[in-house]
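So you can see what is in the structure, the chains are spelled out below.
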Amino acid sequence: MSLSINTKAADDHVDVIIEGEVDVSNASQLTDTLEAVLDSAPTTIDVDMEAVPYIDSTGIGVLVAAAHRAAEGGCGLTISRPQPNVLRVLTLLGVGSEFNVNEQ
């Protein structure tokens, strides 16, 4: 499955909408997008994962790195609407506390 990432900026908030599976083969695309978003210095970032049925540890690592960079820059990063499989991986890897997770 291919990966599609779109961004929508409004004022100092950016939505990052991800569609598809995130794994080692395409994690660099997510890294590039999140780095560009963080470079724009928003106050908040919402990563919408409603259309992500699968994420591997590489993808989780990308999200954790982005969350750390966001926190260092005073930016809030939220993971929104993760599917149960994705939420389970976040929990199993013990990184759920790295993010503000909005399940709705």
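If you look the protein chain up in an unreviewed UniProt entry, it shows as Anti-sigma factor antagonist from Muricaecibacterium torontonense. Recorded in UniProt under Sequence similarities (unreviewed entry), the annotation for the protein chain is "Belongs to the anti-sigma-factor antagonist family."

What follows is about unusual backbone geometry. Non-glycine residue aspartate 11 carries a positive phi angle of around 55 degrees. By the secondary structure assignment, aspartate 11 is in the loop between β1 (4-10) and β2 (13-19). Accessibility expressed as a relative area gives 85% for aspartate 11, which makes it exposed. Residue alanine 41 is not a glycine yet carries a positive backbone phi of 55 degrees.

On the secondary structure map, aspartate 48 appears in strand β3 (residues 44-51). Leave out the neighbours within four places in its chain, and aspartate 48 touches Val16, Ile17, Ile18, Ser80 and Arg81.

This part takes up the nonpolar core. Counting residues in each nonpolar core, the largest one holds 30 residues, and the members touching the most others are Val16, Ile18, Val47, Met49, Leu63 and Phe99. Those elements giving two or more residues to this core turn out to be β2, α1 (27-39), β3, α2 (57-72), β4 (76-80) and α3 (84-92). Broken down by element, the residue count for this core peaks at seven residues, all from α2. Setting aside its immediate chain neighbours within four residues, leucine 63 contacts Leu30, Leu34, Val47, Met49, Ile55, Ile79 and Phe99.

Any two side chains of opposite charge can pair, given that their charged atoms come close. For the coordinates displayed, the defined rule picks out three salt bridges. The salt bridge involving arginine 81 is made with aspartate 48; its shortest N-O contact spans 2.2 Å. With arginine 81 in the loop between β4 and α3 and aspartate 48 in strand β3, the pair connects residues that are 33 residues apart, well separated along the chain. Overall, the relative accessible area of 30% leaves arginine 81 in the partly exposed class. The buried category is assigned to aspartate 48, whose relative accessible area is 11%. A salt bridge links glutamate 50 to arginine 81, with the nearest nitrogen and oxygen atoms 3.0 Å apart. Of this pair, glutamate 50 sits in strand β3 while arginine 81 sits in the loop between β4 and α3, and the two are 31 residues apart along the sequence.

Rules used in this analysis
- Residues numbered from 1 in each chain as written.
- Predicted model: local features only at pLDDT ≥ 70, side-chain atom pairs only at ≥ 80, totals over all residues.
- Heavy atoms only, no water.
- UniProt positions renumbered as here; feature names shortened; annotations may be inferred.
- Helix = DSSP H or I, 4+ residues; strand = E, 2+ residues; numbered from the N terminus.
- Buried < 20%, exposed > 50% of the residue type's maximum accessible area, 1.4 Å probe, protein only.
- Contact = heavy atoms within 4.5 Å.
- Core = buried A, V, L, I, M, F, W, Y, C linked by side-chain atoms within 4.5 Å.
- Salt bridge = Lys/Arg side-chain N within 4 Å of Asp/Glu carboxyl O.

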